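The primary structure of each chain is shown beneath.
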Protein chains: 2
Amino acid sequence: MSERVAVETPVLRKNDEYAAENRRWFTERGIAVVNIMSAPGAGKTTLLEKTLPMFGERFRCAVIEGDLQTDLDAERIRRVGVRAHQINTTCCHLDARMVQGAAETFIDALPQVLFIENIGNLVCPASYDLGEHLKVTLFSVVEGADKPKKYPKMFRMSDCVVLNKADLLPYSGVALEELLANVHDVSPVAAVFTLSARTGEGLREWVDWLSGKIGEVRAGR
Amino acid sequence: MSERVAVETPVLRKNDEYAAENRRWFTERGIAVVNIMSAPGAGKTTLLEKTLPMFGERFRCAVIEGDLQTDLDAERIRRVGVRAHQINTTCCHLDARMVQGAAETFIDALPQVLFIENIGNLVCPASYDLGEHLKVTLFSVVEGADKPKKYPKMFRMSDCVVLNKADLLPYSGVALEELLANVHDVSPVAAVFTLSARTGEGLREWVDWLSGKIGEVRAGR
């Protein structure tokens, strides 16, 4: 894999430059940016569908949706009354330049909070800084208690780990205590929430934490 | 992303050369090679743990395990009495050269069937031919009925799609008919099996199909 390492380094360096530019641009305009990452089907869109209405009038939000194909997710976000811009890419992750282009589509009425729903992939998005202020890793509990140890990079760099599909725990054979211990081992400083976006169980604690963090970012703290 | 496309093309071309070499080498030696791909936590290792003992004495098997970190999966395979070689890589997929190196570790007693458990990723492994004879996409039904449409490349190129965790269907809110229709739309020629590797439900049909296909490969058909 020496070719791959050799060719990726300048790509990542270039990405970091774009990401720094994004972060400055967002911060100057008081836009808090949240990058939500997970494996496919962990429930990123469902979490957003349920979270956005709970903000009520508190923040003006917008969502950038990353997908390989289809604009199903952007449509779902628009149905809860929030603006969404779809990025369709053949790439396995979003990068900072794609986010820059997408953010500019909201220029007429800048959001106060910009959510980025990354491509469903627990590996590659961890290497690409997008210029966000908060990284959230969403994880479906039925993926198994060992996964934080097997995909440590994304967990380690996250400000928050959301364990979703908690309603399936009794049927899944997955031990929540073991999963929580593994999350804590890999990512000792992340805030951790166990919830079910589908049933609504546990959502309030996550929304309260997120609102507080968004407030801190927008206040420049 | 123009840099990325530009730099990846020669990497992919080089990989295809290694893959063709692998396929020739495996075929000449009567080794049927099965590449199992899925998102993280869809149950690749559990499927292998349950499938391998069902072959009984029929085939001498070995497994190449791809992982970002840990050798937990190779250990699980060895516990069912099958040789396993672990590849730990920082990369988001296995490539043909990694497989070449790993296959050589079995040179003293070549297997008749070599399973490759790819990195848990529904995106990148689809671009890397490993020199395998059969591609299997494993999918956890709780990831949602829309996913074949959102990650079409891996489904489209697969000889077989295994829908796992069928035991969770009644609790998941996922409609199996819709999922099956989406799999069929994206991948009309793939054999499709709905099963639960954990409970054993539906495993026999998959193992029978796989045994038949392995027989065809080894007979040079």
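Right above here is the structure, for reference.
Bear in mind the structure is a predicted one, so any value in this text is a computation, not a measurement.

Q: Is there a simple way to think about the overall build of chain A in this case?
A: The helix and strand tally for chain A stands at nine helices and seven strands. Its C-alpha atoms give chain A a radius of gyration of 17 Å, near enough to 17 Å, the size a compact globule of 221 residues would have. Each of the three principal axes of chain A carries a C-alpha extent, and together these read 50 × 45 × 35 Å. Sequence separation of at least 24 residues holds for 73% of the intrachain contacts in chain A that already meet a minimum separation of 6. With the model as given, the accessible surface of chain A reaches about 8,600 Å², and the carbon-plus-sulfur share is 50%. When the 27 basic and 30 acidic side-chain charges of chain A are each reduced to a single mean position, those positions are 2 Å apart.

Q: Can you help me understand the layout of surface pockets in this one?
A: Over the atoms rolls a probe the size of a water molecule, and its path tells where empty space is left. One number sums up the size of the largest pocket: a volume of about 690 Å³. Surrounding the largest pocket, 39 residues form its lining, Glu143, Gly144 and Lys147 of chain A together with Thr46 and Arg76 of chain B being those nearest its centre. Broken down by secondary-structure element, the contributors of at least two residues to the lining of the largest pocket are helix 5 (147-150) and helix 8 (176-186) of chain A together with helix 2 (44-54), strand 2 (61-67) and helix 3 (72-79) of chain B. Among the residues forming the lining of the largest pocket, the class breakdown is ten nonpolar, 13 polar and 16 charged.

Q: I keep staring at the packing of helix 2 of chain B against helix 9 (residues 203-218) of chain B and nothing clicks. Help me out?
A: Two numbers describe a pair of packed helices, the interaxial angle and the distance between the axes. Residues and elements named next belong to chain B. Running from N to C, helix 2 and helix 9 point in directions that differ by 65°, and their axes come no closer than 10 Å. With respect to their mutual orientation, helix 2 and helix 9 come out roughly perpendicular. The interaxial crossing formed by helix 2 with helix 9 has right-handed handedness. For the pair helix 2 and helix 9, contact is made by Leu47, Lys50, Thr51 and Met54 and by Leu203, Arg204, Trp206, Val207 and Leu210, respectively.

Q: Would you explain the interface of chain A and chain B in this entry?
A: By a widely used convention, the size of an interface equals the accessible area lost when the partners come together. Between chain A and chain B, the residue contacts involve 46 residues of the former and 46 residues of the latter. For the pairing of chain A and chain B, the buried interface totals around 3,800 Å² over both sides, and the portion due to carbon and sulfur atoms is 60%. Here chain A is connected to chain B by four salt bridges. Its salt-bridge partner being Asp67 of chain A, residue Lys150 of chain B comes within 3.6 Å of it at the nearest N-O pair. There are eight residue pairs in polar contact (both at pLDDT 80 or more) connecting chain A and chain B. Counting only elements with at least two residues in the side of chain A that touches chain B, the list comes to helix 1 (2-28), helix 3 (72-79), helix 4 (96-104), helix 5 and helix 7 (169-172) of chain A.

Q: What is the right way to look at the packing of helix 2 (residues 44-55) of chain A against helix 3 of chain A in this model?
A: Residue and element names in this part refer to chain A. Direction vectors running N to C along helix 2 and helix 3 enclose 15°, while the axes themselves pass 9 Å from each other. What the angle tells us is that helix 2 and helix 3 run roughly parallel. The element helix 2 and its partner helix 3 pack so that their crossing is right-handed. Of the residues in helix 3, those in contact with Thr45, Thr46, Leu48, Glu49 and Leu52 of helix 2 are Asp73, Arg76 and Ile77. Residue classes in the contact of helix 2 with helix 3 are distributed as three nonpolar, two polar and three charged.

Q: I keep staring at the sheet that holds strand 4 (residues 113-117) of chain B and nothing clicks. Help me out?
A: In a beta sheet, neighbouring strands pair by backbone hydrogen bonds and run either parallel or antiparallel. Residues and elements named next belong to chain B. Strand order in the open sheet formed by seven strands is 3-2-4-1-5-6-7, and the pairing between neighbours is parallel. Of all the strands in the sheet, the pair left with one neighbour each is strand 3 (83-88) and strand 7 (191-194). Adjacent strand axes in the sheet meet at a mean angle of 20° when their direction is disregarded. Looking at chain direction, strand 6 (residues 160-164) and strand 7 are connected through four bridges and run parallel. Paired with Val162 across the bridge in strand 7 is Phe193.

Definitions and cut-offs
Residues numbered from 1 in each chain as written. Chains lettered and ligands numbered in written order. Predicted model: local features only at pLDDT ≥ 70, side-chain atom pairs only at ≥ 80, totals over all residues. Heavy atoms only, no water. Helix = DSSP H or I, 4+ residues; strand = E, 2+ residues; numbered from the N terminus. Rg over C-alpha atoms; globule rule 2.2 N^0.38 Å. Contact = heavy atoms within 4.5 Å. Areas by Shrake-Rupley, 256 points an atom, 1.4 Å probe, with all protein chains shown as cover. Lys, Arg positive; Asp, Glu negative; His and termini not counted. Charge placed at Lys NZ, Arg CZ, Asp CG, Glu CD. 1 Å grid on protein atoms, 1.4 Å probe; cavity = no way out; pocket = protein on both sides within 12 Å on 5 of 7 lines; lining within 4 Å. Points joined across faces, edges and corners; volume = space filled by probe spheres on them. Nonpolar A, V, L, I, M, F, W, Y, C, P; charged D, E, K, R; others polar. Axes fitted to C-alpha atoms, helices over the stretch in contact; angles between N-to-C directions. Parallel < 35°, antiparallel > 145°, perpendicular 65-115°, else oblique. Left-handed = near helix turned anticlockwise from the far one by under 90°. Buried area = accessible area lost by both parts, 1.4 Å probe. Salt bridge = Lys/Arg side-chain N within 4 Å of Asp/Glu carboxyl O. Polar contact = N/O pair within 3.5 Å; in protein donor to acceptor, adjacent residues only side chain to side chain. Pairing = 2+ DSSP bridges.

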